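Given next are the chains, with one letter for each unit.
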Amino acid sequence: MIYADHAATTKMSEAAVQRMLSVINDHFGNPSSLYSTGQDAKEILEEAREDVAAVIGAEPREIYFTSGGSEADNQAILSAAELGRKKGKMHIISSAFEHHAVLHTLNKLKKNGFDVTLVDVHENGIVRPEEVAAAIREDTCLVTIMYANNEIGTIQPIREIGAICREKNVLFHTDAVQAVAHIPVNVQTDNIDMLSASAHKFHGPKGVGFLYVKKGIPLVSLIEGGAQERGKRAGTENVPGIASMATALKEASANMEASAAHVTAVRNRLIRGLKEIPHSALNGDAERRLPGNVNFCFEGIEGESLLLLLDDKGIAASSGSACTSGSLDPSHVLLAIGRVHDVAHGSLRLSIGEEVTEEDADYMIKSVKEVVEYLRGFSPVWRDLCAGKAKFIL
């Protein structure tokens, strides 16, 4: 099996697994306990906080451990909104292709009186800083723009947007779930006030992540109970998961440059090969994208069928359409960059890791070509296009 869905999740690294097992077996204490076994666990927890902070240029006290990126997104946005409400500022700026953890939270806030502006991401899948600046108003309390898109992999001009927010005295949050440990991220130089990340995107365990919050920004608690995480996230900490996450983050960050060089080369090989398929198109900017992300639309086919047939050929991939949820709606990301419904339905995302070789890429190119040709062979949409009864879009 060629695993090409790293944007969905990654396999835990051996170092992360061993670190988790070590903590489970030898450091099982509750870090809130005063006796030595508990304090041993507390020491591991704080060591992990220091390691995570160091990777992104933060201070340890600015790191809060969460259950993952979605929780971190929710807490950051709701905290900024509450602070804005107290100041009479109830306007939030985001983009049209954010992760649903952001968009659904914003919809919740809209029902509670907030005004939300979603800036365009344009055909290349990139937010324009000048449009963010133009959208900022006197009552803007937050700008939240993802660091890199989870579907099409485009990397946003975060540093420039952050600088605009600093100048305008507006809080800036970024969902960096797809970016951290894959490309350089530094909260200081990138002018970031709050940042969300998730361990299972960089070879750590599922169910654990972190939220960076610049010191001085008050947080709203999503979970009430004990005084863990400085009173901002109740519940006994997942010490094995957190320690494993820190190990995975350090390892991935240390190997980032070499990994990115290899993955980018394989990615570009895939893009060149898939572009040979007639009436296909790469989604998102060709250069300003994550090292391992390849996202294509193929006219005249359905993405769900494409995925199932690729699975038969030993390739694990994903589609932009929401087929797994039972929805017939195409990806909101692809619609946001201007793809029409019929084209957006025929999408494919290959998100690769460092273990994928050039030989694997060649096999994926060959397989996708075969499957697309096969599906088009009995597609009434494709037949109408070829007969001139409908116009090609791609």
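Remember, predicted model here, so these are calculated numbers, not experimental data.

Topic: the packing of helix 3 (residues 69-86) against helix 4 (residues 100-110)
Consideration 1: Where helix 3 meets helix 4, the closest approach of the two axes is 9 Å, and the angle between their N-to-C directions is 35°. You can see that helix 3 and helix 4 cross each other, and the crossing is right-handed. Counted together, S70, D73, N74, I77, L78 and A81 of helix 3 and A101, V102, T105, L106 and L109 of helix 4 form the full contact between these two elements.

A look at the pairing of strand 2 (residues 63-66)
Consideration 1: Where burial is concerned, the two faces of strand 2 agree: the one with I63 and F65 and the one with Y64 and T66 are both buried.
Consideration 2: Direction of pairing for strand 2 relative to strand 8 (residues 209-213): antiparallel, over a ladder of four bridges. Within strand 8, the position partnered with Y64 by the bridge is L211.

Observations regarding the pattern of salt bridges
Consideration 1: Evaluated as defined, the whole model comprises 20 salt bridges.
Consideration 2: Here E131 makes a salt bridge to R128, at a shortest N to O gap of 3.8 Å.
Consideration 3: One salt bridge connects E358 with R269, and the closest N-O pair in it is separated by 3.3 Å. Here E358 is found in helix 13 (residues 358-377), whereas its partner R269 is found in helix 9 (residues 256-274), with 89 residues between them in sequence.
Consideration 4: Accessibility expressed as a relative area gives 37% for E358, which makes it partly exposed.
Consideration 5: A residue is classified by how much of its surface remains accessible, and R269, at 26% relative accessible area, is partly exposed.
Consideration 6: A single salt-bridge network, built from bridges that share partners, covers K42, E46, R49 and E229.

Considerations on the layout of surface pockets
Over the atoms rolls a probe the size of a water molecule, and in doing so it shows where empty space is left.
Consideration 1: Empty space within the second largest pocket amounts to approximately 440 Å³.
Consideration 2: Every element with two or more residues in the lining of the second largest pocket is listed here: helix 8 (239-254) and helix 9.
Consideration 3: Examining the composition of the lining of the second largest pocket, we find that four residues originate from one element, helix 9, more than from any other.
Consideration 4: A class-by-class count of the residues in the lining of the second largest pocket yields 10 nonpolar, 13 polar and three charged.

Here we look at the packing of aromatic side chains
Consideration 1: Within the structure shown, the criterion is met by three aromatic pairs.
Consideration 2: When the centroid spacing of 5.5 Å and the interplanar angle of 70° are considered together, the rings of W382 and F392 count as edge-to-face. Taken together, the residues W382 in helix 14 (residues 380-386) and F392 in the segment after helix 14 connect sequence positions 10 residues apart.
Consideration 3: Residue F392 is classed as partly exposed on the basis of its relative accessible area, which comes to 31%.

Section: unusual backbone geometry
Consideration 1: With a phi angle near 65°, H122 is a residue other than glycine that sits in the positive phi range.
Consideration 2: Residue placement: H122 occurs in the loop between strand 4 (115-119) and helix 5 (129-135).
Consideration 3: The residue N169 is not glycine, and still its phi comes out positive at about 60°.
Consideration 4: N169 gets classed as exposed once you look at its relative accessible area, which sits at 63%.

Re helix 6 (residues 158-168)
The α-helix advances 3.6 residues per turn, and as a result positions three or four apart in sequence lie on the same side.
Consideration 1: All buried positions along helix 6 are accounted for by I158, I161, G162, I164 and C165. Angular distribution of buried residues about the axis of helix 6 spans 155°; they occupy a single face of the element.
Consideration 2: Those residues of helix 6 hidden inside the fold are in contact with helix 5, strand 5 (140-144) and strand 6 (171-175).

Quick look at helix 9
Consideration 1: The terminal C-alpha atoms of helix 9 lie 26 Å apart, and with 19 residues this matches the ideal 27 Å at 1.5 Å per residue to within 8%.
Consideration 2: Taken as a whole, helix 9 has its buried residues at M256, A260, V263, V266, R267, L270, I271, G273 and L274. Along the long axis of helix 9, the arc covered by the buried residues comes to 160°, so they all point the same way. Opposite its buried face, helix 9 presents the exposed residues E257, A258, A261 and R272, each directed more than 90 degrees away.
Consideration 3: Elements that come into contact with the buried residues of helix 9 comprise helix 8, strand 9 (280-282), strand 10 (293-298), strand 12 (347-351) and helix 13.

Describing the packing of helix 9 against helix 13
Packed helices, taken two at a time, are described by the angle between their axes plus the distance between the axes.
Consideration 1: Put simply, helix 9 and helix 13 touch, their axes get as near as 9 Å, and they point 25° apart. In terms of orientation, helix 9 and helix 13 fall into the roughly parallel class. Every pair of crossing elements has a handedness; the one defined by helix 9 and helix 13 is right-handed. Between helix 9, through V266, R269, L270, G273 and L274, and helix 13, the contact on the second element is made entirely by E358, A361, D362, M364, I365, V368 and K369.
Consideration 2: Of the residues that constitute the contact of helix 9 with helix 13, the class distribution is seven nonpolar, one polar and four charged.

Procedures and definitions
Residues numbered from 1 in each chain as written. Predicted model: local features only at pLDDT ≥ 70, side-chain atom pairs only at ≥ 80, totals over all residues. Heavy atoms only, no water. Axes fitted to C-alpha atoms, helices over the stretch in contact; angles between N-to-C directions. Helix = DSSP H or I, 4+ residues; strand = E, 2+ residues; numbered from the N terminus. Left-handed = near helix turned anticlockwise from the far one by under 90°. Contact = heavy atoms within 4.5 Å. Buried < 20%, exposed > 50% of the residue type's maximum accessible area, 1.4 Å probe, protein only. Pairing = 2+ DSSP bridges. Salt bridge = Lys/Arg side-chain N within 4 Å of Asp/Glu carboxyl O. 1 Å grid on protein atoms, 1.4 Å probe; cavity = no way out; pocket = protein on both sides within 12 Å on 5 of 7 lines; lining within 4 Å. Points joined across faces, edges and corners; volume = space filled by probe spheres on them. Nonpolar A, V, L, I, M, F, W, Y, C, P; charged D, E, K, R; others polar. Phe/Tyr/Trp six-rings, centres within 6.5 Å; stacked < 30°, edge-to-face > 60°. Arc of directions from axis to C-beta. Expected span 1.5 Å × (residues − 1). Parallel < 35°, antiparallel > 145°, perpendicular 65-115°, else oblique.

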